[in-house]
There are 2 protein chains.
Amino acid sequence: MSDGMSSMPLGQQPLAIICGAGSLPFAVADAARRRGRGVVLFALRGWADPARAESYPHHWVRFGQLGRFCRIARQEGCRDVVFIGSVVRPSFWQIWPDLAAMRAMPRIIAMFRGGDDHLMSGIMKVFEDRGFHPIGAHEVAPEILMPEGAVGHYQPSESHHADIALGLALVRAIGRFDVGQATVVAGNHVLAVEAAEGTDEMLSRVAELRRKGRIRSSGGVLVKAPKPGQDRRIDLPTIGPQTIAGAARAGLAGIAVVSGEAIIAEPDSVAQAADRERIFIVGVRQVASHDD
Amino acid sequence: MSDGMSSMPLGQQPLAIICGAGSLPFAVADAARRRGRGVVLFALRGWADPARAESYPHHWVRFGQLGRFCRIARQEGCRDVVFIGSVVRPSFWQIWPDLAAMRAMPRIIAMFRGGDDHLMSGIMKVFEDRGFHPIGAHEVAPEILMPEGAVGHYQPSESHHADIALGLALVRAIGRFDVGQATVVAGNHVLAVEAAEGTDEMLSRVAELRRKGRIRSSGGVLVKAPKPGQDRRIDLPTIGPQTIAGAARAGLAGIAVVSGEAIIAEPDSVAQAADRERIFIVGVRQVASHDD
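Not measured: the values here are computed from a predicted model. (Residues numbered from 1 in each chain as written. Chains lettered and ligands numbered in written order. Predicted model: local features only at pLDDT ≥ 70, side-chain atom pairs only at ≥ 80, totals over all residues.)

**Here we look at the overall build of chain A**
For the record, the criterion: What counts as a helix is a DSSP run of H or I of at least four residues, what counts as a strand is a run of E of at least two, and both are numbered from the N terminus. Buried, partly exposed and exposed are defined by the number of other C-beta atoms within 10 Å of a residue's own C-beta, namely 20 or more, between the two limits, and 12 or fewer respectively, with C-beta atoms placed from the backbone. Once C-beta atoms have been placed from the backbone, residue pairs whose C-beta atoms lie within 7 Å are recorded as contacts.
When you go through chain A residue by residue, the secondary structure sums to 11 helices and 13 strands. A burial count over chain A gives 46% of its 292 residues as buried. Sequence-distant contacts in chain A: of pairs separated by 6 or more residues, those separated by 24 or more amount to 76%.

Next comes the structure, spelled out in structure tokens:
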């Protein structure tokens, strides 16, 4: 065909993957390649795994180097951009703003003052303004999404299902406050609600309260759900092997995640870890409750 | 008058005060005495302050000695009972059930399985069934309730008031889940939500997240409110000098408490500590929000 690059379907342009920590960026890159799509990794220095990044076409960038990203991504012919992998909220000294980032600063500072949702949506907008098309990792790699039903051999009991329903209702009730996406419920009693500390620290807290005898019940379920209206292109809740380890240390019976609305990192390792710790991992539907 | 004890106004019978830890039980006892009412302290071994209990007519009881309490309280002519002072959830080995408590066991075990609210309401019912009349400490000592407006010299700013409104709305939204009564909000962002860990631990968490650079904003407000439908006879939120210390360590700008719906322990010490730490303590109205 002679009409060249401008009419090439978007999906055939190489995919820019901005890589944070963990194995998820590489799972997404592999999934895109399996579908015949080229990938270019933009590995975030300090977060992305250097050894694994070597196996892909890649460029190192620092958090904040917006101009550098835009220049290289355009040279590489990328338009679609995926943000994936964990980046624990960088403190100011970890940010290396270049000129383009400086120009976006007033907006970025406004985001930093808001909650997580504002920050993430604002970052998407900054990339859109520069002609890029941020998409969700699950759009190019649906296999990273949590399926419905059990992952591994263990299954939730009826009382676990009651705890799951309570947890889902709680997360839904606090969603509009732009707060955490997780809670721990045991025996119909809410033990912990996640806010700025993150899921791993919330699980450590439950473990600690149990060690001190401050929690009477045993077992319990970690319930994770997306915030209503959250930007699914960047901020889906994620569970991985360290979530299983944290849940086991907290003495939980299992983990429930809204299916199709959360990412499961390294599903095979997760299933093996869950079986070893004798806890269930289940994908559930977030149903609208009658009191919403 | 000749009709004797049976027609004596209830208020004139000596007040039974079941005393947990801290200075509040003695503040309540003093307030009752100032109104000319006799008091009998039932000091909980392991929680009540022995040195201070000595200054009042008192009996030592162990947590769980329901029969012993009933017998002595009847001998003393008490009918009204106040539960006051902190009793961190006792673990089973701290409970010394006597025969009467054993008989109440099936109900008590059911309560232990439910959340806090069920436990507290259930305990009230056990005392009512035995002819006692549980009342709130604030009914005999209204001076322990948080007043409206500032305690101490510092006042919340307009943006603090916005954080307070957000915190009140959040606590209201989670009230029906029988979960914590407190949250920390800074710059329109929810940093922490209290569940089983209690206010002091939630404040330590915020301090820790700040130390690690995980929270970008400075300042912030601790917002405490009663749970909707909570049993005000036993479970009003309380702030005291250690709340101020915790808020200061967490770098907060102040504390907001629903006026008339929370207890302020040692108000003079609280005001002095707040001024010293340059934080505000304010009693606010819990107004119904338009989206309730």
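**Some details on the nonpolar core**
Formally: Linking buried Ala, Val, Leu, Ile, Met, Phe, Trp, Tyr and Cys residues through C-beta atoms within 7 Å yields a set, and such a set is a nonpolar core.
In this structure, Ile 17 and Val 28 of chain A together with Ile 17 and Val 28 of chain B are the most contacted members of the largest nonpolar core, which totals 180 residues. Non-local contacts of Val 28 of chain A, meaning those with residues more than four positions away in its chain, are made with Ile 17, Val 82, Ile 84, Ala 137, Val 140, Ala 141 and Ile 144 of chain A.

**Quick look at the pairing of strand β8 (residues 189–193) of chain B**
Residue and element names in this part refer to chain B. Basically, it comes down to this: Two strands are said to pair when DSSP picks up at least two bridges between them.
β8 sits mainly inside the fold: five of its five residues count as buried. As paired elements, strand β7 (residues 182–186) and β8 share four bridges and run antiparallel to each other. Bridging from a neighbouring strand, Thr 183 pairs with Val 193 of β8. The antiparallel pairing of β7 with β8 creates a hairpin that spans two residues between the two strands, and Gly 187 there sits at a positive phi of about 55 degrees.

**Some remarks on the environment of Ala 150 of chain B**
Residue and element names in this part refer to chain B. Mapped onto the secondary structure, Ala 150 falls in strand β6 (residues 149–151). Sequence separation between Ala 150 and Ile 255 is 105 residues; the distance between their C-alpha atoms is 9.8 Å. Each residue touching Ala 150, except ones within four places of it in the same chain, is listed here: Gln 155, Phe 280, Ile 281 and Val 282.

**Looking at the sheet that holds strand β1 (residues 15–19) of chain B**
Sheet strands associate in pairs through backbone hydrogen bonding, adopting either a parallel or an antiparallel arrangement. Residues and elements named next belong to chain B. Spelled out, the test is: Note on geometry: axes are lines fitted to C-alpha atoms, helical ones only across the stretch in contact, with angles between N-to-C directions running from 0 to 180 degrees.
Pairing is parallel across the open sheet formed by five strands, whose spatial order is β3-β2-β1-β4-β5. Each having just a single partner strand, β3 (58–61) and β5 (133–135) make up the two edges of the open sheet. Strand-to-strand, the axes of this sheet are offset by a mean angle of 25 degrees, without reference to chain direction. Here β1 runs beside strand β2 (residues 39–44); their pairing, made up of five bridges, is parallel. Counted as the bridge partner of Ile 17 is Leu 41 from β2.

**As for the sheet that holds strand β2 (residues 39–44) of chain A**
Residue and element names in this part refer to chain A. What the five strands build is an open sheet, ordered β3-β2-β1-β4-β5; its pairing is parallel. Each end of this open sheet is capped by a strand with a single partner; those strands are β3 (58–61) and β5 (133–135). Between one strand and the next, the sheet's axes are offset by a mean angle of 25 degrees, whatever the strand orientation. For β2 and β3, the ladder comprises four bridges, and the chain directions are parallel. Within β3, the residue paired with Leu 44 across the bridge is Val 61.

**Notes on the pairing of strand β7 (residues 182–186) of chain A**
Two faces, one strand: in a regular strand the side chains alternate between the faces of the sheet. Residues and elements named next belong to chain A. The buried fraction of β7 is high, at five of five residues. Covered by surrounding structure in β7 are Ala 182, Val 184 and Ala 186 together with Thr 183 and Val 185, the residues of both alternating faces. Where β7 and strand β9 (residues 221–224) come together, four bridges link them in antiparallel fashion. In the strand pairing of β9, Thr 183 is matched with Val 223.

**So, unusual backbone geometry**
All names here are of chain B. In this structure, Asn 188 takes a positive phi of about 70 degrees despite not being glycine. Topologically, Asn 188 is positioned in the loop between β7 and β8. Positive phi outside glycine occurs at Glu 266, with the angle close to 50 degrees. Within the secondary structure, Glu 266 sits in the loop between β12 (263–264) and α11 (267–277).

**Focus: the packing of helix α10 (residues 241–249) of chain A against helix α11 (residues 267–277) of chain A**
Residues and elements named next belong to chain A. Which entries qualify depends on this criterion: By the definition adopted for this analysis, an angle is roughly parallel if under 35 degrees, roughly antiparallel if over 145, roughly perpendicular if from 65 to 115, and oblique otherwise. Crossings are classed by handedness, with left-handed meaning an anticlockwise turn of the near helix from the far one by less than a right angle and right-handed meaning a clockwise turn. The classification used treats Ala, Val, Leu, Ile, Met, Phe, Trp, Tyr, Cys and Pro as nonpolar, Asp, Glu, Lys and Arg as charged, and all other residues, Gly among them, as polar.
Packing of α10 against α11 brings their axes to within 8 Å, and their N-to-C directions diverge by 15 degrees. In terms of their interaxial angle, α10 and α11 are classed as roughly parallel. Seen from above, α10 lies across α11 with right-handed handedness. Each of Pro 241, Ile 244, Ala 245 and Ala 248 in α10 lies in contact with α11, whose residues at this interface are Ser 269, Val 270, Ala 273, Ala 274 and Glu 277. For the contact of α10 with α11, the per-class residue count stands at seven nonpolar, one polar and one charged.

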